[in-house]
Amino acid sequence: MGDGHSNDIFTEAGFNKFQLFYVEAIMNDSSFPMLNRVKPIFEKMTLEEFGVLVDKISKADDYELYQQFFYFMILYRDMKNIQQFLNSEYFNIDMLEKFIIFTFGYFSKHDTTNEDIFDEILFFLNRERLFELTMKSKFIQSDKHLLFLMLSKFDLNMLNKYFATIPDKSGIINYFLKLPDVVLKRIISRNFRLFEYILLMMAEGQSTQQISSEFFEKYRE
């Protein structure tokens with residue numbers, strides 16, 4: 001597939017962009033030329049074409065293709081259109097969840113902390129997308145550490161919205177209290193509003209009022 005032909009395909013339908021991406025990302029053995037050839041695909045891509053690409057990758061159900069696609073999303077995360085794409089409805093919750101799992105799996109192997117992954121890699125995810133994950137992602141709901149990292153990104157209105165929606169507030173509180181001390185301190189330092197919210201919910205229960213007082217004294221600094 002020559003360069004001139006590739007440039008022609010850039011102006012065609014999303015299906016051909018999927019074909020081009022597949023050829024360049026999966027079939028090409030040389031990584032450096034591959035990066036140079038894949039980047040223009042995303043630079044010139046429209047939101048609708050991105051939706052077609054995501055749909056076809058989902059239907060292909062090819063593990064290697066998923067891995068390559070998510071890798072390029074991380075690689076090009078500073079591109080404004082990529083940030084827009086990943087925050088759009090075209091990147092559905094199932095793909096977003098898979099992307100989060102891939103990102104944490106990839107960077108945890110490089111000794112990157114969960115906090116750094118959120119702050120430096122996934123910084124572009126807006127609060128609405130994070131809220132959607134807390135509500136619909138079984139992976140996030142089962143990994144309370146990641147859940148609290150997401151909650152630490154919320155302002156007071158978003159915290160109100162979240163805690164007004166979940167039925168098991170006591171379960172959240174109990175897990176928060178059991179977090180390792182170093183993890184708990186990091187979360188508190190990230191969002192004091194979240195810390196206040198947890199204390200408020202703890203104080204609402206008679207049995208936890210003493211715990212609430214002791215907890216605050218321990219971590220108020």
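As the structure is a prediction and not an experimental result, all values here were calculated from the model.

Remarks on the confidence of the model for the protein
Residue-level pLDDT values for the protein average 81, and 78% of them are 70 or greater. Helix H6 (residues 80-86) holds the highest mean pLDDT among the elements of the protein, 96, whereas helix H1 (residues 3-10) holds the lowest, 39. The low-confidence segment residues 1-13, where pLDDT is below 50, has 18 contacts with residues more than four positions distant or belonging to other chains.

Quick word on helix H13 (residues 169-178)
By the burial criterion, the buried members of H13 are Ile172, Ile173 and Phe176. Viewed end-on, H13 has its buried residues packed into an arc of 100°, placing them on one side of the element.

Some points on helix H12 (residues 156-165)
When H12 is considered as a whole, its buried residues turn out to be Met158, Leu159, Tyr162 and Phe163. Projected down its long axis, H12 carries its buried residues within an arc of 125°, all on one side. Opposite its buried face, H12 presents the exposed residues Asn157 and Ala164, each directed more than 90 degrees away. Structurally, H12 contributes buried residues whose contacts are with helix H9 (127-136), helix H11 (144-151), H13 and helix H15 (192-204). If you check the start of H12, you find a side-chain oxygen 3.3 Å away from the backbone N of asparagine 157, and it comes from aspartate 155.

Some remarks on the packing of aromatic side chains
Two measures describe an aromatic ring pair: the distance that separates the ring centres and the angle between the ring planes. Inspection of the entire model under this criterion finds 23 aromatic pairs. Ring centres of phenylalanine 69 and phenylalanine 91 lie 6.5 Å apart, and the angle between their planes is 55°; on these two criteria the pair is classed as tilted. Remark: phenylalanine 91 occurs in the loop between H6 and helix H7 (93-108) and phenylalanine 69 occurs in helix H5 (residues 63-75); sequence separation between them is 22 residues. Under the relative-accessibility criterion, phenylalanine 69 is labelled buried at 0%.

About the criteria used
- Residues numbered from 1 in each chain as written.
- Predicted model: local features only at pLDDT ≥ 70, side-chain atom pairs only at ≥ 80, totals over all residues.
- Heavy atoms only, no water.
- pLDDT = per-residue confidence, 0-100.
- Helix = DSSP H or I, 4+ residues; strand = E, 2+ residues; numbered from the N terminus.
- Contact = heavy atoms within 4.5 Å.
- Buried < 20%, exposed > 50% of the residue type's maximum accessible area, 1.4 Å probe, protein only.
- Arc of directions from axis to C-beta.
- Polar contact = N/O pair within 3.5 Å; in protein donor to acceptor, adjacent residues only side chain to side chain.
- Phe/Tyr/Trp six-rings, centres within 6.5 Å; stacked < 30°, edge-to-face > 60°.

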